[in-house]
Amino acid sequence: MTRPDLTILVIDENAIRSSIIEEGLREAGHLRVTVIHEVNGVARIIETLKPDVIIIDLENPNRDMMEHLFQLTRTVSRPIAMFVDRSDTASIEAAVEAGVSAYIVDGLKKERVKPILDMAVSRFNAFSRLQRELADAKSALEERKIVDRAKGILMKMRGLSEEEAFALLRQTAMNEKKKMSEIAQSVVTAANLLM
């Protein structure tokens, strides 16, 4: 499912635990793996490395470290898998809120790394697709509202029927080689200036 040419960043303060993750990734065919053992300065490393996927392993996470990582993951638009040894409801909710794609409690085994990575990438892609669809739907709704307002203005000011107002907007958009919503916005703006 995941491509073997992915650039993967592993953040793990424990060298033994990070070697388990790294070995699992290499056995799965992933050769572009960078492991860092220090959380400080990780934002700079992410900016430089531009990893496709981030794996975070926190053996004994404290609240400050979790908050620091969650602030970071909110700004990074990439699949993130997080391994922790223990967790509570608040940490799980914070991880989901921060955009962590896979949150695994007490499950660090090298044979599980690839399926978890695959799942994190799939969940991230599905969530990204839903976000794009939601943004597109909101944009289409806003455009429709503007077109409806423009039609209302044209109907009132020029005495047109709804169909005639729509046809005028559409024809003007085609003539001007612009989107109908742009023409409608111009009508609304002009009407606001004149009224």
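Rules used in this analysis
- Residues numbered from 1 in each chain as written.
- Predicted model: local features only at pLDDT ≥ 70, side-chain atom pairs only at ≥ 80, totals over all residues.
- Heavy atoms only, no water.
- Helix = DSSP H or I, 4+ residues; strand = E, 2+ residues; numbered from the N terminus.
- Buried < 20%, exposed > 50% of the residue type's maximum accessible area, 1.4 Å probe, protein only.
- Contact = heavy atoms within 4.5 Å.
- UniProt positions renumbered as here; feature names shortened; annotations may be inferred.

1. Regarding the side chain of arginine 17
Here is step 1 of the chain: Tracing the chain through its elements places arginine 17 in helix α1 (residues 15-27).
Here is step 2 of the chain: The exposure class of arginine 17 is buried, given its relative accessible area of 10%.
Here is step 3 of the chain: Non-local contacts of arginine 17, meaning those with residues more than four positions away in its chain, are made with Asp12, Asp57, Glu59, Asp85 and Leu108.

2. Points about the UniProt feature "modified residue: 4-aspartylphosphate" (unreviewed entry) in the chain
Here is step 1 of the chain: UniProt feature "modified residue: 4-aspartylphosphate" (unreviewed entry): in the numbering of this structure it lies at Asp57.
Here is step 2 of the chain: In this structure, aspartate 57 sits in strand β3 (residues 53-58).
Here is step 3 of the chain: For aspartate 57, a relative accessible area of 2% gives the class buried.
Here is step 4 of the chain: Every residue in contact with aspartate 57, bar those within four places of it in the chain, is listed here: Ile11, Asp12, Glu13, Arg17, Ile21, Phe83 and Leu108.

3. A closer look at the environment of glutamate 13
Here is step 1 of the chain: Tracing the backbone shows glutamate 13 in the loop between β1 (7-12) and α1.
Here is step 2 of the chain: Between the C-alpha atom of glutamate 13 and that of arginine 129, which follows or precedes it by 116 residues, the distance is 33 Å.
Here is step 3 of the chain: Setting aside residues no more than four positions away along its own chain, glutamate 13 makes contact with His37, Val39, Asp57 and Met65.

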